[in-house]
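Descriptive analysis of the structure
Spelled out from the first residue to the last, the chains are:
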Amino acid sequence: MIYLNNSATSYPKPQNVVEAVSNYLTTVPVNPSRSGFEVQGEDAPTACRQKLAAFFKADDPNRLIFTSGATESLNMAIFGLTPAEGHIITTAIEHTSVLRPLKALEKEAGLELTIVESDADGCVNPIDIAAHIQTSTKAIVVNHCSNVTGQVLDIKSIAGIAHEHGLVLIVDGSQSAGNIPIDITGAGIDIFAFTGHKSLYGMPGVGGVYIREGLALKPLKVGGTGVKSELLSQPTELPLYYESGTHNLPGIVSLAAGIDFIQDTGLEQINRTKHNHLKRLTEGLHDIPEVTIYGSDDFDNRCAVFCFNMEGISPPDLGYILEGSFGIIARAGLHCAPLIHKAMGAYPQGSVRVSPSYFTTTAEIDFFIKAIQEISANIQHYENY
Ligand SMILES: Cc1ncc(COP(=O)(O)O)c(C=O)c1O
């Protein structure tokens with residue numbers, strides 16, 4: 001099997017991540033503030049929070065809240081902004097984790113929503129965002145990096161525009177975290193949502209959200225925090241305010257180990273390897289007449305996500321052929337991002353997505369290219385597959 005679906009979830013996980021989780025699961029559990037004995041040294045959430053704060057250049061580790069992933073983080077950010085009504089600007093490159101909560105507020109709470117168009121590569125011009133600001137606008141929600149074209153948006157410029165108008169900037173960092181350097185404080189990001197199981201190499205079911213000082217969201221859940229049990233209302237200090245219930249400790253341990261792996265390997269090295277794969281994919285498929293490649297040629301502003309289509313074969317059929325005949329796991333469909341597919345001219349059928357990881361080899365990329373060449377050379381056979 002050749003696994004080329006790392007934008008969905010990364011595989012394989014680095015060895016140190018596997019070992020950290022295994023150690024956690026085979027050692028007497030320490031549940032922060034809930035165990036029967038004193039925690040020796042730092043507890044796992046505190047240690048991971050510090051690593052994340054350093055990695056994302058966040059000013060205060062306690063403002064990094066653990067969640068089950070970007071979906072929960074984005075729900076927390078979007079539903080937590082009060083009052084629910086007012087005007088929010090978002091973009092056409094968003095994932096349904098952004099679009100659906102916003103659409104729910106539009107329907108149920110009278111939120112006014114503007115979705116700014118992108119070009120066919122998934123690029124959104126900050127000036128187009130600025131043009132939609134009105135007096136009732138309270139926030140801008142943007143995807144840092146498209147999970148379809150890999151396009152990276154100019155977050156610093158968008159943050160400048162947001163702050164000039166006193167708006168809250170919510171950034172979906174699901175695809176950027178672990179792929180490109182992130183400087184939450186330097187960029188002026190107010191809320192940064194991320195997920196742990198993609199390019200941060202953690203397990204599925206863990207992620208987080210950074211909430212800058214001075215911003216208070218309505219928590220998605222309240223309940224047990226392990227401490228301050230004399231209080232019948234939610235403790236207000238961070239991170240307790242937002243973190244009720246037992247943490248996903250194996251997930252948090254895996255995330256901390258994932259950050260260690262990235263720091264030890266070097267983000268630049270990881271990025272370079274993935275970009276080499278992206279370039280090889282683009283060059284390898286470029287001259288195949290049936291193939292349409294999506295995304296910009298400006299690789300400097302892209303993460304290694306590669307979407308394409310083949311004339312004569314639908315994306316689901318192509319995904320099925322790649323897996324069934326060649327043992328290649330790619331992803332076919334709309335990738336939870338319907339609106340960018342409209343901009344690409346690939347709606348409603350979607351596209352086939354290939355997303356290599358740091359662990360993908362050049363031989364695997366070449367095998368994939370050969371598979372597409374073979375399908376193209378025998379297109380009649382595969383059309384009736
Ligand atoms: C851009 C983007 N946003 C949000 C998400 C949701 O992440 P999770 O399913 O880990 O909550 C994803 C994952 O596919 C994504 O690619």
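See the structure above.
The shown structure was predicted, so the numbers you read here are calculated from the model rather than taken from an experiment.

Assigned secondary structure in the chain consists of 13 helices and 13 strands. Across its three principal directions, the C-alpha atoms of the chain cover 70 × 55 × 35 Å. Residues classed as buried in the chain amount to 55% of the 385 residues present. Counting contacts in the chain only where the partners sit at least 6 residues apart, residues at least 24 apart contribute 70% of the total.

As a matter of local geometry, the ligand sits amid 13 residues, with Thr-71, Asp-172, Gln-175, Thr-195 and Lys-198 nearest to it. Residue His-95 places a side-chain N or O atom 3.2 Å away from an oxygen atom belonging to the ligand. Residue Asp-172 places a side-chain N or O atom 2.6 Å away from a nitrogen atom belonging to the ligand. Coverage of the ligand by the protein chains reaches 86% of its 390 Å² of free accessible surface. Looking at the shell around the ligand, its residues break down into one nonpolar, 10 polar and two charged.

The subject of this paragraph is the packing of helix H8 (residues 249-265) against helix H9 (residues 267-286). Running from amino to carboxyl end, H8 crosses H9 at an angle of 85°, the nearest separation of the two axes being 5 Å. The pairing of H8 with H9 is recorded here as roughly perpendicular in orientation. Contact with H8, carried on its side by Phe-261, Ile-262 and Thr-265, involves Leu-267, Gln-269 and Ile-270 of H9 and no other residues of that element.

Tracing the backbone through its elements, the reader meets Arg-100 in helix H4 (residues 96-109). According to the relative accessible area criterion, Arg-100 is exposed, its value standing at 59%. As a C-alpha pair, Arg-100 and Asn-75 span 25 residues in sequence and 9.2 Å in three-dimensional space.

Before going further, it helps to spend a moment on the pairing of strand S10 (residues 306-310). Of all five residues in S10, five are buried, a share of seventy percent or more. Side chains Phe-306, Phe-308 and Met-310 project from S10 onto one buried face, and the interleaved Cys-307 and Asn-309 project onto a second face that is buried too. Bridging between strand S9 (residues 291-293) and S10 involves three bridges; their strand directions are antiparallel. Across the sheet, Val-291 pairs through a bridge with Met-310, a residue of S10. Two strands pair when backbone bridges link them, and S10 and strand S13 (residues 351-354) are joined in this way by three bridges, in the antiparallel orientation. By the bridge assignment for S13, Phe-306 is matched with Val-354.

For the pair helix H1 (residues 15-25) and H8, the least separation of the axes is 8 Å and the interaxial angle reads 150°. When the axes of H1 and H8 are compared, the pair comes out roughly antiparallel. Crossing hand, H1 versus H8: right-handed. Contacts between H1 and H8 pair Asn-16, Val-17, Ala-20, Val-21, Tyr-24 and Leu-25 from the former with Leu-249, Pro-250, Val-253, Ser-254, Ala-257, Gly-258, Asp-260 and Phe-261 from the latter. Of the residues that constitute the contact of H1 with H8, the class distribution is 10 nonpolar, three polar and one charged.

Moving on to the pairing of strand S5 (residues 137-143). Remember that side chains alternate between the two faces of the sheet whenever the strand is regular. Across the seven residues of S5, seven count as buried, placing the element largely inside the fold. Relative to S5, strand S3 (residues 86-91) is paired through three bridges, and the arrangement is parallel. Paired with His-87 across the strands is Thr-137, a residue of S5. Following the backbone out of S5, through helix H6 (residues 155-164) and into the adjacent parallel strand S6 (residues 168-172), one traces a crossover that is right-handed.

Definitions and cut-offs
Residues numbered from 1 in each chain as written. Predicted model: local features only at pLDDT ≥ 70, side-chain atom pairs only at ≥ 80, totals over all residues. Heavy atoms only, no water. Helix = DSSP H or I, 4+ residues; strand = E, 2+ residues; numbered from the N terminus. Buried < 20%, exposed > 50% of the residue type's maximum accessible area, 1.4 Å probe, protein only. Contact = heavy atoms within 4.5 Å. Near = heavy atom within 4 Å. Polar contact = N/O pair within 3.5 Å; in protein donor to acceptor, adjacent residues only side chain to side chain. Areas by Shrake-Rupley, 256 points an atom, 1.4 Å probe, with all protein chains shown as cover. Nonpolar A, V, L, I, M, F, W, Y, C, P; charged D, E, K, R; others polar. Axes fitted to C-alpha atoms, helices over the stretch in contact; angles between N-to-C directions. Parallel < 35°, antiparallel > 145°, perpendicular 65-115°, else oblique. Pairing = 2+ DSSP bridges. Left-handed = near helix turned anticlockwise from the far one by under 90°. Right-handed = clockwise from strand over helix to strand, strands pointing away.

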